[in-house]
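Each chain, letter by letter, is given below.
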Amino acid sequence: MKKVFLTGVSVAAIFAAGPAIASDSVVTQDGLSNDATVNQTGSTGDTDSTVTQIGDNNVAGVTQSGDNNNVTISQTQSFVSTSDDPSNSATVTQEGADGDLTILQEGNNSASVTQDSGSVDDDALIAQLGDDNDADLTQSGDSQATGILQVGIGNTATVSQTGAGTDPAIPTVEEVLTGEADGAGIAQLGNGNTASISQAGINGGSGILQLGNDNVAGTNQTGTSSSSFSGVVQTG
């Protein structure tokens, strides 16, 4: 097992790229049971964190504060895991405005994302390819956009948004994949999928697309606005 722990201070010291308030982090791991933890909480923003892991049973965690931060996590398998446990796990916490997040996972994966009340105009995309994937995304700030794409069998996706949106619309598939619209979109292609979207703010737009059998979709909107609405399409 290889473990990597990085902070804004350590990255600046290693690469001599400048002060700790604007440090970038790049982690690349190839093999099994790798662990990468990145902490950029002392930054005022404009930091990038990229974690690339190739193999099985890898863990990646990123925590950021400040504005204009970006996170990209890519986890791909070197072979198909037979374990019942998630082959890869990704956890991200962001606080700040205009943050971007992308998680790409292959295998039996688990992804957990929190963009809290201090976050505004953040975008989040989780794409999972494989079986028994789980995605949990919580956004508490205003004008947030999130998209979850799952391809496989037995996937579960949960989105919770409590802030207000400024662009109420049912996201298209393209907007789900690119995070262009305020609101939440879930696209699931496969069998036995479960999707749930909860929105407590005004002007919330949500869309769920499921293609396959035995799918379950649920939306919950408690905000008061004539422009809050949701759409669900199930063809299996």
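Residues numbered from 1 in each chain as written. Predicted model: local features only at pLDDT ≥ 70, side-chain atom pairs only at ≥ 80, totals over all residues. Heavy atoms only, no water.

Moving on to the overall build of the chain. Helix and strand counts for the chain come out as two helices and 18 strands. Summarising the internal contacts of the chain: among those between residues at least 6 apart in sequence, 40% fall at separations of at least 24. Total accessible area computed for the chain in this model is approximately 10000 Å², and 53% of it derives from carbon and sulfur atoms. (Helix = DSSP H or I, 4+ residues; strand = E, 2+ residues; numbered from the N terminus. Contact = heavy atoms within 4.5 Å. Areas by Shrake-Rupley, 256 points an atom, 1.4 Å probe, with all protein chains shown as cover.)

Turning next to the nonpolar core. Core analysis: the largest hydrophobic core is formed by 26 residues, its most contacted members being Val-51, Ile-73, Val-92, Ile-103 and Ile-126. Once residues lying within four places of it in the same chain are set aside, the contact partners of Ile-126 are Ile-103, Ala-111, Val-113, Ala-135, Leu-137, Gly-147, Ile-148 and Leu-149. (Core = buried A, V, L, I, M, F, W, Y, C linked by side-chain atoms within 4.5 Å. Buried < 20%, exposed > 50% of the residue type's maximum accessible area, 1.4 Å probe, protein only.)

Next up on the list: unusual backbone geometry. Backbone geometry at Asn-57 places phi at a positive 55°, although glycine is not the residue there. Looking at where Asn-57 falls in the secondary structure, it is placed in the loop between strand E4 (48-54) and strand E5 (58-65). Note on Asn-57: relative accessible area 36%, which makes it partly exposed. Positive phi is not limited to glycine here, since Asn-68 has a value of about 60°. Mapped onto the fold, Asn-68 is located in the loop between E5 and strand E6 (70-76). Classification of Asn-68 as partly exposed rests on a relative accessible area of 34%.

As for its placement among the helices and strands, Asn-155 is situated in the loop between strand E12 (145-151) and strand E13 (156-161). Given the relative accessible area of 0%, Asn-155 is considered buried. Side-chain polar atoms of Asn-155 contact the backbone oxygen of Gly-152, separated by 3.4 Å. (Polar contact = N/O pair within 3.5 Å; in protein donor to acceptor, adjacent residues only side chain to side chain.)

Another aspect to go through is the pairing of E6. Where a strand is regular, its side chains alternate between the two sheet faces. Here E4 runs beside E6; their pairing, made up of seven bridges, is parallel. If you follow Thr-50 over to E6, its bridge partner there is Thr-72. As judged from the six bridges shared by E6 and strand E8 (residues 100-106), these two strands associate in the parallel manner. Paired with Val-71 across the two strands is Leu-101, which belongs to E8. (Pairing = 2+ DSSP bridges.)

A surface patch of like charges, here negative, comprises Asp-24, Asp-46, Asp-48, Asp-67, Asp-98, Asp-100, Asp-121 and Asp-142. With respect to the helices, strands and loops of the structure, Asp-98 is situated in the loop between strand E7 (88-95) and E8. Taking the relative accessible area as the measure of exposure, Asp-98 reaches 38% and is therefore partly exposed. (Patch = residues over 30% accessible without salt bridge, like charges linked within 9 Å, V, L, I, M, F, W, Y side chains within 5 Å. Salt bridge = Lys/Arg side-chain N within 4 Å of Asp/Glu carboxyl O. Lys, Arg positive; Asp, Glu negative; His and termini not counted. Charge placed at Lys NZ, Arg CZ, Asp CG, Glu CD.)

We now examine the environment of Asp-121. With respect to the secondary-structure elements, Asp-121 resides in the loop between strand E9 (109-115) and strand E10 (123-129). Classification of Asp-121 as partly exposed rests on a relative accessible area of 36%. Between the C-alpha atoms of Asp-121 and Ala-145, which are 24 residues apart in sequence, the distance is 7.4 Å. Beyond its immediate sequence surroundings of up to four residues, Asp-121 is in contact with Asp-98, Gly-99, Asp-142, Ser-143 and Gln-144.

Counting all residues, the mean pLDDT for the chain is 74, and 67% of those residues have values of 70 or more. Predicted confidence in the chain is weakest over helix H1 (residues 8-15), with a mean pLDDT of 36, and strongest over strand E2 (residues 25-30), with 95. (pLDDT = per-residue confidence, 0-100.)

It is worth spelling out the pairing of E10 at this point. With five of seven residues buried, E10 lies mostly within the body of the structure. Of the strand pairs in this sheet, E10 and E12 are connected by seven bridges, and their pairing is parallel. Bridge pairing in E12 links Gln-128 to Gln-150.

Examined against the element boundaries, Thr-146 turns out to sit in strand E12. By relative accessible area, Thr-146 is classed as buried at 4%. Sequence spacing of Thr-146 and Ala-184 is 38 residues, and the spatial spacing of their C-alpha atoms is 5.0 Å. If sequence neighbours within four positions are ignored, Thr-146 has contacts with Ala-124, Leu-137, Gln-139, Val-159, Gln-161, Gly-183, Ala-184 and Gly-185.

Bringing a nonpolar patch on the surface into the picture now. Where nonpolar side chains cluster on the molecular surface, the patch consists of Leu-129, Val-151, Leu-189 and Leu-211 and spans about 280 Å² of accessible area. Its place among the elements puts Leu-189 in strand E14 (residues 183-189). In this structure Leu-189 comes out as partly exposed when scored by relative accessible area, which is 36%.

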